[in-house]
Amino acid sequence: MNLAYTRYIVLTALLFLLAPIFARAEGLVVNQKFISDKEIQVTFSGPVDKAVTENIQNYTIYEEPDPDIRLELSSAVLADDGKSVTLFFKEPLNTAKTHVITVHGLAGIDKTTFTVSKSYLGYLFGILISALLINNFVFTKYLGLCVFFGTSKKKDTAKGMGVVFTMVMVVSALMSWFFYNFILIPFDLNFLQIVVFIGLVSLTVQAVDTILRKVNPILFNSFGVYLVLVIANCVIIAVPLILANNNYNVFETFMLALGAGGGFLLALYLMSSVSERMQLANIPKTFKGLPIAFIVAGQFAMAFLGFSGLQLF
Amino acid sequence: MANDKSSMQLISRGILSENPIFKLALSMCPAVGISTTVMNGLLLGIAVLFVQVFSSVTISIFKNLIHPRIRIPTYTLTIATWVTVIDLVLAAYLPEAYAKMGIFVKLIVAFAIITMRLEMFASKESVNDSFWDGLGMGLGFMVGMMTIGFVRELLGSGAIFGYDVLGFKPLLFFILPSAGFFVVGLMMAFFNWIEIFYKRSKGLKR
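Definitions and limits used
Residues numbered from 1 in each chain as written. Chains lettered and ligands numbered in written order. Predicted model: local features only at pLDDT ≥ 70, side-chain atom pairs only at ≥ 80, totals over all residues. Heavy atoms only, no water. Domains from an automatic or database assignment. Helix = DSSP H or I, 4+ residues; strand = E, 2+ residues; numbered from the N terminus. Expected span 1.5 Å × (residues − 1). Buried < 20%, exposed > 50% of the residue type's maximum accessible area, 1.4 Å probe, protein only. Pairing = 2+ DSSP bridges. Contact = heavy atoms within 4.5 Å. Buried area = accessible area lost by both parts, 1.4 Å probe. Salt bridge = Lys/Arg side-chain N within 4 Å of Asp/Glu carboxyl O. Polar contact = N/O pair within 3.5 Å; in protein donor to acceptor, adjacent residues only side chain to side chain. Nonpolar A, V, L, I, M, F, W, Y, C, P; charged D, E, K, R; others polar. Axes fitted to C-alpha atoms, helices over the stretch in contact; angles between N-to-C directions. Parallel < 35°, antiparallel > 145°, perpendicular 65-115°, else oblique. Left-handed = near helix turned anticlockwise from the far one by under 90°.

Caption draft 1: Structural context of the domain arrangement of chain A. You can read the domains of chain A as domain 1 (27-116) and domain 2 (121-305). A separation of 42 Å is found between the C-alpha centroids of domain 1 of chain A and domain 2 of chain A.

Caption draft 2: Quick peek at helix H8 (residues 234-246) of chain A. Residues and elements named next belong to chain A. Here H8 is 13 residues long and its end C-alpha atoms lie 18 Å apart, about the 18 Å a rise of 1.5 Å per residue gives. Of all 13 residues in H8, 11 are buried, a share of seventy percent or more. The first or second residue beyond H8 is Asn247, which carries a positive phi of 55°.

Caption draft 3: Local environment of the pairing of strand E4 (residues 73-78) of chain A. All names here are of chain A. Pairing between E4 and strand E5 (residues 84-89): five bridges, direction antiparallel. Within E5, the position partnered with Leu78 by the bridge is Val85. Linkage of E4 to E5, two consecutive antiparallel strands, is achieved through a turn of five residues, within which Gly82 is found at a positive phi near 75°.

Caption draft 4: How the structure looks around the interface of chain A and chain B. The interface is formed by 37 residues belonging to chain A together with 34 residues belonging to chain B. Approximately 3,000 Å² of surface area, both sides summed, lies buried where chain A meets chain B, with 84% of it carried by carbon and sulfur atoms. When the area that chain A buries against chain B is broken down by residue, the three leading residues are Tyr142, Ile194 and Phe294 of chain A, summing to 24%. Linking chain A with chain B are zero salt bridges, by the criterion used here. Counting across the interface, chain A meets chain B through two residue pairs in polar contact (both at pLDDT 80 or more). Mapped by element, the contributors of at least two residues to the side of chain A that touches chain B are helix H4 (145-151), helix H6 (193-215), H8 and helix H10 (290-305) of chain A. The element best represented in the side of chain A that touches chain B is H10 of chain A, accounting for 10 residues. When grouped by side-chain class, the residues that make up the side of chain A that touches chain B number 26 nonpolar, eight polar and three charged.

Caption draft 5: Broad picture of the packing of helix H6 (residues 112-122) of chain B against helix H7 (residues 127-157) of chain B. Residues and elements named next belong to chain B. Packing of H6 against H7 brings their axes to within 11 Å, and their N-to-C directions diverge by 150°. When the axis of H6 is compared with that of H7, the two are roughly antiparallel. When the axes of H6 and H7 are compared, the crossing they make is right-handed. Facing H6, whose interface residues are Ile113, Arg117, Phe121 and Ala122, H7 presents Asp129, Ser130, Asp133 and Met137. For the contact of H6 with H7, a count of residues per class yields four nonpolar, one polar and three charged.

This is the structure in structure tokens:
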């Protein structure tokens, strides 16, 4: 496909995703956002009545899909300028969902309804960052270690391997998503998950191999060797299994696969940089080879623990 | 009787001289990922043993019917079938343990050790030998997993199989996920050390 077309498609997709942000209506409520998983801050266009806003009986709050389950407030506090109110919840909220808030009797109006949600783009980006750093497939989920230790000796190999992995992972994840949602679920064939996914992954690898050989022989010569290694690897089969478990939609699947592949690339690159240095180091005979590689990987894993709890959006 | 001897040899080869975890260094993911307790190691070991034995036997039975060009996809599908079986069985009868092992039961399908045994052994040898070879490799994997689990559970939570043995928790670090790498690395170094020591002492005797 032409590169220009791809650019247009990406731009259109972005516009669709961003549309809700531009289309937000101006009104009494100017801004509303999640402060933490137990707090929501609402900003009004002018000062509001303290008695109304601080009475928690005046609020009805629920998650968009199920209006019957009301979320309970523990308190509502109006800021000193009277323009913004912070709502404190008794239980942690699922900030990925859209929340609908209705206030009764505000500024003489019987009902004021508005929704609070994270921007969807931010949520998607969150999945990417999570798969890339917080739940890095190598250092936090311990997947794909055979290939990881096998190919992280030289930086060039590591980069090539990582790129091939990301490519195959994105393609096979999207295909698996399609099969899972349109064939496995409608026909109630969920128990065939493993067989179908492993078949799809092998098929993708074979297809990438054949296509690359014809379309770009130079790239094939530099990357082709790694393709065979890709099949027998748990990272690649793990992505479809995770997306089936979490019921991701197609954008989320794409982001998960991209993050997983990027995380693998990152891990391989980091490890290969250390490996190149280690060849010069004086390592005890008993630790030569795999043992020292494992200990280095353990130190990386400890460092990656530091990413847990990272939240950008 | 000759067969009996070779079956013992095949089993001991899988456990000792060609141990999948410590010697061949294959299927490392679960060895690091979920080896926090002996029980986890035992259960995943049983699952792998089951899959290994049954796929070895299956491939060995049908080895003359499989066209060499499509052998790898055939192996993969055979393994996937047996993994599906053990996955559903575990989910039905041991739901708690299954939840702990998470995605790793399904990931047995991608374990290099199983495909390797099918390619190197089961596709050439008789059904009987393949059975013993599969049993040996599966047991070797199970022993490896349980050894790592033993070290981590004993040092991490002072218990074996969930029973409190030491009465205190020596090093909490060992049940943290990242310690898996350290334990496997140190144990590999330990086995290397024994091997070097053994060779040296043998050399001195001669």
